[in-house]
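Spelled out, the chains give:
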Amino acid sequence: MGMYVMEVGLIALGAVLLVVGYRRNRRNMLVAAALVLLASGAVPELVTGFSDGRANADARSLAALQR
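Residues numbered from 1 in each chain as written. Predicted model: local features only at pLDDT ≥ 70, side-chain atom pairs only at ≥ 80, totals over all residues. Heavy atoms only, no water.

Student: Explain the overall build of the protein chain here, please?
Tutor: Secondary structure assignment for the protein chain yields 3 helices and 0 strands. Overall, the protein chain shows an N-to-C arrangement of helices and strands of α-α-α. Counting the 67 residues in the protein chain, one finds 13% classified as buried. Accessible area for the protein chain stands at about 5600 Å²; split by element, carbon and sulfur atoms hold 64% of it. (Helix = DSSP H or I, 4+ residues; strand = E, 2+ residues; numbered from the N terminus. Buried < 20%, exposed > 50% of the residue type's maximum accessible area, 1.4 Å probe, protein only. Areas by Shrake-Rupley, 256 points an atom, 1.4 Å probe, with all protein chains shown as cover.)

Student: I tried to follow the nonpolar core on my own but got confused; where do I start?
Tutor: Soluble globular proteins tend to pack their nonpolar side chains together in the buried interior. Formed by Leu 10, Leu 17, Ala 33, Val 36 and Val 43, the largest nonpolar core amounts to 5 residues. Every element with two or more residues in this core is listed here: α1 (2-24) and α2 (27-55). Ranked by residues supplied to this core, first place goes to α2 with 3 residues. When near neighbours in sequence (up to four residues on either side) are disregarded, Val 43 contacts Met 3, Met 6 and Leu 10. (Core = buried A, V, L, I, M, F, W, Y, C linked by side-chain atoms within 4.5 Å. Contact = heavy atoms within 4.5 Å.)

Student: Just to check I follow, could you spell out a nonpolar patch on the surface for this structure?
Tutor: A contiguous nonpolar patch, built from Met 1, Tyr 4, Val 5 and Val 8 and spanning about 480 Å² of accessible area, is present on the exposed surface. Counting through the fold element by element, Met 1 comes out in the segment before α1. Residue classification places Met 1 among the exposed positions, given a relative accessible area of 80%. (Patch = residues over 30% accessible without salt bridge, like charges linked within 9 Å, V, L, I, M, F, W, Y side chains within 5 Å. Salt bridge = Lys/Arg side-chain N within 4 Å of Asp/Glu carboxyl O.)

Student: Help me understand unusual backbone geometry, please; the structure alone is not making it clear to me.
Tutor: Here Asn 25, not a glycine, exhibits a phi torsion of approximately 60°, which is positive. As for its placement among the helices and strands, Asn 25 is situated in the loop between α1 and α2.

Student: Teacher, can you tell me more about α1 here?
Tutor: In an α-helix there are 3.6 residues to a turn, and that puts residues three or four apart on one side. The end-to-end C-alpha separation of α1 is 33 Å, in line with the 33 Å expected for 23 residues at 1.5 Å each. Among the residues of α1, those classed as buried are Leu 10, Gly 14, Leu 17 and Gly 21. Looking at the packing, one finds that the buried side of α1 touches α2. (Expected span 1.5 Å × (residues − 1).)

Structure below.
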């Protein structure tokens, strides 16, 4: 549920930045809108992959590996 809310929030923020940046003719705001919209699509997969990798990691200290 939290990831869904974050994704929708990023899409809404990106849309607002896009409209405001276009109306005021501000390139930096348009770039920020593009980055936020790109992040809204990539964040869920990034978080899922990170949490899966962390859950399946066989973490041991370097000293334990050298024995």
